[in-house]
Amino acid sequence: MNITEEAVNGVTVLRTEGRIDSGNAAEFEGHLVKAVGESNRLVVDMAKLSYISSAGLRSLLIAAKKARPSGGRIALSAMAPHIREVFDLSGFSSLFEIHGDAAAAVAALGGA
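Residues numbered from 1 in each chain as written. Predicted model: local features only at pLDDT ≥ 70, side-chain atom pairs only at ≥ 80, totals over all residues. Heavy atoms only, no water.

**What to know about the pairing of strand S4 (residues 73-77)**
Buried residues dominate S4, accounting for four of its five residues. Strand direction decides the pairing type here: strand S3 (residues 41-52) and S4, joined by five bridges, are parallel. Among the inter-strand pairings, Leu42 is bridged to a residue of S4, identified as Ile74. The pairing of S4 with strand S5 (residues 97-99) spans three bridges and is parallel. (Buried < 20%, exposed > 50% of the residue type's maximum accessible area, 1.4 Å probe, protein only. Helix = DSSP H or I, 4+ residues; strand = E, 2+ residues; numbered from the N terminus. Pairing = 2+ DSSP bridges.)

**With respect to the packing of aromatic side chains**
Considering all chains together, one arrives at two aromatic pairs under this definition. Each ring, one from Phe87 and one from Phe92, has its centre 6.3 Å from the other, and the planes form 80°; the classification is edge-to-face. Just as Phe87 is buried, Phe92 falls in that class too. Seen from their ring centres, Phe92 and Phe96 are 6.3 Å apart, and the 20° between their planes marks the pair as stacked. By way of ring pairs, the aromatic residues Phe87, Phe92 and Phe96 are connected into one cluster. (Phe/Tyr/Trp six-rings, centres within 6.5 Å; stacked < 30°, edge-to-face > 60°.)

**Let's talk about unusual backbone geometry**
Unlike most non-glycine residues, Asn9 shows phi in positive territory, near 50°. Following the sequence through the fold, Asn9 ends up in the loop between strand S1 (2-8) and strand S2 (11-20). Classification of Asn9 by relative accessible area gives partly exposed; the value is 45%. You will see that Ala78, though not glycine, has its phi angle at about 55°, which is positive. Here Ala78 is to be found in the loop between S4 and helix H3 (81-90).

**A look at helix H2 (residues 54-67)**
Under the 1.5 Å per step criterion, the end-to-end length of H2 is 20 Å for 14 residues, consistent within 8% with the ideal 20 Å. Of the positions making up H2, those classed as buried are Gly56, Leu57, Ser59, Leu60, Ile62, Ala63, Ala64 and Ala67. (Expected span 1.5 Å × (residues − 1).)

**Brief notes about the sheet that holds S3**
Taken in spatial order, the five strands line up as S1-S2-S3-S4-S5 in an open sheet, and their pairing is mixed. Looking at which strands have only one partner, the edges of the open sheet turn out to be S1 and S5. Sheet twist, expressed as the average angle between the axes of neighbouring strands with direction ignored, equals 25°. Sheet analysis places S2 next to S3, joined by eight bridges and oriented parallel. (Axes fitted to C-alpha atoms, helices over the stretch in contact; angles between N-to-C directions.)

Next comes the structure, spelled out in structure tokens:
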């Protein structure tokens, strides 16, 4: 797993690459929690994500719970069909805003 971070029009964008599984979900969670602590608007770009396990889903849920008290929002973008299926089957699609690409997610969160 590789994660890069950048600010786009006041929105933090985390770009994930590779696999998120039980071996690296804690690292993923650390990035998410840090990002929601620094910014109340976060996009997780999944364009290059090939796999996410239940541990990765749990990390997203923890970050969403941490963001909620301060009015923070987390949007997900660019999911491959097999990743979207994991979100749909687990019910996580209803917990997060999901957009076709990072630019649309940034715009939805108020970035220009």
